[in-house]
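Coordinates in review
Spelled out, the chains give:
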Amino acid sequence: MPAINRIAAAAAEMTEWRRDLHAHPELGFEEVRTSQIVAEKLQSWGITVTRDIATTGLVGTLKVGTSDRAIGIRADMDALPMTEENGFEHASQNPGRMHACGHDGHTTILLGAAKYLAETRNFDGTVHFIFQPAEEGGGGGRVMVEEGLFDRFPCDFVFGLHNDTAIPYGKMRAVPGAVSAHSDRFWVHIKGKGGHAARPAAAIDPVVIGSHIVLALQSIVARRVDALDSAVISITQFHAGSAGNVIPDEAKLNGTVRTLTTEVQETIEPLMRQIIESTAAAHGASATLEYSRGYPPVVNHQEATERAVRAAARIVGEENVIRSGRPRMGGEDFSYMAQKVPGCFIRVGQAQGDKGTTSVHHPLYDFNDDILPLGASLWATLVEQELPRS
Ligand SMILES: [Zn+2]
Ligand SMILES: [Zn+2]
């Protein structure tokens, strides 16, 4: 794959950085080590660093020449609260923390591009390298924007990327319009009445009620959302009880709702509330729904997408740039940046035979290091294309 030669030559070094980050994952707003490493590297290449934006976020600024054009490129730095099951040498050394979404790779890609651009300086304008904390639920992108990211570092366009385990290595995808989903979270609290497990009639069993609720909630997507609209309701946690012979007093459920339009998003919450409250009431219990709206969809700007496609085509070839396709139901807080500045979020394929195909957020996931040079070349090419020397 035709990565920029100079970047391809740095592949081994980038792989080292990536594996070091992978071995030391940090959760959102706690990326102290990661942001320190990023800041030190950027500074060592002569890039101006502004730290402490959204706690652990930072921006590296590289200005070359006299043009007042500027672009922003963003990478996320955080890991997930889960336990890695990989046995390789660079597996997580932090229990209960794992880079299972490849943000270690995204950070490394942006570092690789920054190093190349600082050394070659073959452009005229300003690049802001944006390293954000807390993409996985904490809304680090939103906090950076709220803290004046684009007032302090004005950009004509902003770009971001994500590795993609369903797209083959050597392909990239950039599609205008919505490319990710509304990503909402909810908690259900069921209040029953505890008692001896041998005498259920004297108790109100929140486990049975919770089970009814889990199943009933699935009927919203199956029966209440238009067949041509998209929605997902996933219950991902069910907590109750502490002993084999005790019916607990209460149960708690937690989960996520994904939708592509505000209209469908607004339909689901009241339906959930109705089902949860009435199912509990039917069993003589009470239940409440706590619902919190999350990231809005990333909406790729038409012109920003065309610019990204042009740069991607120069790396992987016109025929390997996917320019259409359905949005993903994942959430992505790059949306807050793309709401402020025309932006494009690009998917970079990492599936290579058996390698790079394990889904993100899986305990056996790993970022495919072979795409480091491709990603860094994409960013470098984009900068040289968008900020041309006259
Ligand atoms: Zn993720
Ligand atoms: Zn991610």
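Refer to the preceding data block for the structure.
Summarised in this report is the structure supplied together with it. (Residues numbered from 1 in each chain as written. Chains lettered and ligands numbered in written order. Predicted model: local features only at pLDDT ≥ 70, side-chain atom pairs only at ≥ 80, totals over all residues. Heavy atoms only, no water.)

The next thing to look at is the coordination of the zinc ion (ligand 2). Taken together, the protein donors to the zinc ion (ligand 2) comprise Cys101 (SG), His103 (NE2) and His162 (NE2), at separations of 2.1 to 2.3 Å. Every donor residue of the zinc ion (ligand 2) comes from the same chain, spaced as C-x1-H-x58-H. We classify His103 as buried; its relative accessible area is 0%. Judged by relative accessible area, which is 5%, His162 ranks as buried. (Donors = N, O, S within 2.8 Å, 3.2 Å for Na, K, Ca; no water. Buried < 20%, exposed > 50% of the residue type's maximum accessible area, 1.4 Å probe, protein only.)

Attention shifts here to empty space enclosed by the protein. Counted according to the given criterion, the structure contains one cavity of 30 Å³ or more. Considering only enclosed or pocket space, the largest cavity measures out at about 70 Å³ in volume. Lining the largest cavity are Arg173, Ala174, Val175, Val179, Ser180, Val298, Asn300, Glu332, Phe345 and Arg347. Residue classes in the lining of the largest cavity are distributed as five nonpolar, two polar and three charged. (1 Å grid on protein atoms, 1.4 Å probe; cavity = no way out; pocket = protein on both sides within 12 Å on 5 of 7 lines; lining within 4 Å. Points joined across faces, edges and corners; volume = space filled by probe spheres on them. Nonpolar A, V, L, I, M, F, W, Y, C, P; charged D, E, K, R; others polar.)

Every α-helical turn comprises 3.6 residues, leaving residues that sit three or four positions apart pointing alike. The terminal C-alpha atoms of helix H9 (residues 302–316), which comprises 15 residues, lie 21 Å apart, in line with the 21 Å expected from a rise of 1.5 Å per residue. Looking only at H9, the buried set comprises Ala304, Thr305, Arg307, Ala308, Val309, Ala311, Ala312, Ala313, Ile315 and Val316. In the core, the buried residues of H9 are packed alongside strand E5 (157–168), strand E6 (172–173), strand E14 (299–300), strand E15 (321–322), strand E16 (343–351) and helix H11 (372–386). Within two residues after H9, Gly317 carries a phi angle of roughly 90°, on the positive side. (Helix = DSSP H or I, 4+ residues; strand = E, 2+ residues; numbered from the N terminus. Expected span 1.5 Å × (residues − 1). Contact = heavy atoms within 4.5 Å.)

Phi is positive for Thr55, which is not a glycine, with a value near 65°. Topologically, Thr55 is positioned in the loop between strand E1 (48–53) and strand E2 (57–64). Even without a glycine there, the phi angle at Ala134 is positive, about 50°. Mapped onto the fold, Ala134 is located in the loop between strand E4 (125–132) and helix H5 (140–146). For Ala134, a relative accessible area of 2% corresponds to the buried category.

The next point concerns the pattern of salt bridges. As a working rule, side chains carrying opposite charge can pair if their charged atoms are close by. Applying the stated criterion across every chain yields a total of 21 salt bridges. Between Arg328 and Asp164 there is a salt bridge, with the nearest N and O atoms lying 2.4 Å from each other. Of this pair, Arg328 sits in the loop between E15 and helix H10 (334–340) while Asp164 sits in strand E5, and the two are 164 residues apart along the sequence. Since its relative accessible area comes to 2%, Asp164 is described here as buried. Each member of the salt-bridge network shares a partner with another, and the members are Arg18, Arg19, Asp104, Asp366 and Asp369. (Salt bridge = Lys/Arg side-chain N within 4 Å of Asp/Glu carboxyl O.)

As a volume, the largest pocket reaches approximately 1,100 Å³. Together, 41 residues line the largest pocket, and Glu136, Ser183, Arg258, Gly331 and His361 are the ones closest to its centre. Only E5, strand E8 (182–191), strand E10 (231–240), strand E12 (250–259) and strand E13 (286–295) provide two or more residues apiece to the lining of the largest pocket. By residue number, the principal contributor to the lining of the largest pocket is E5, which donates five residues.

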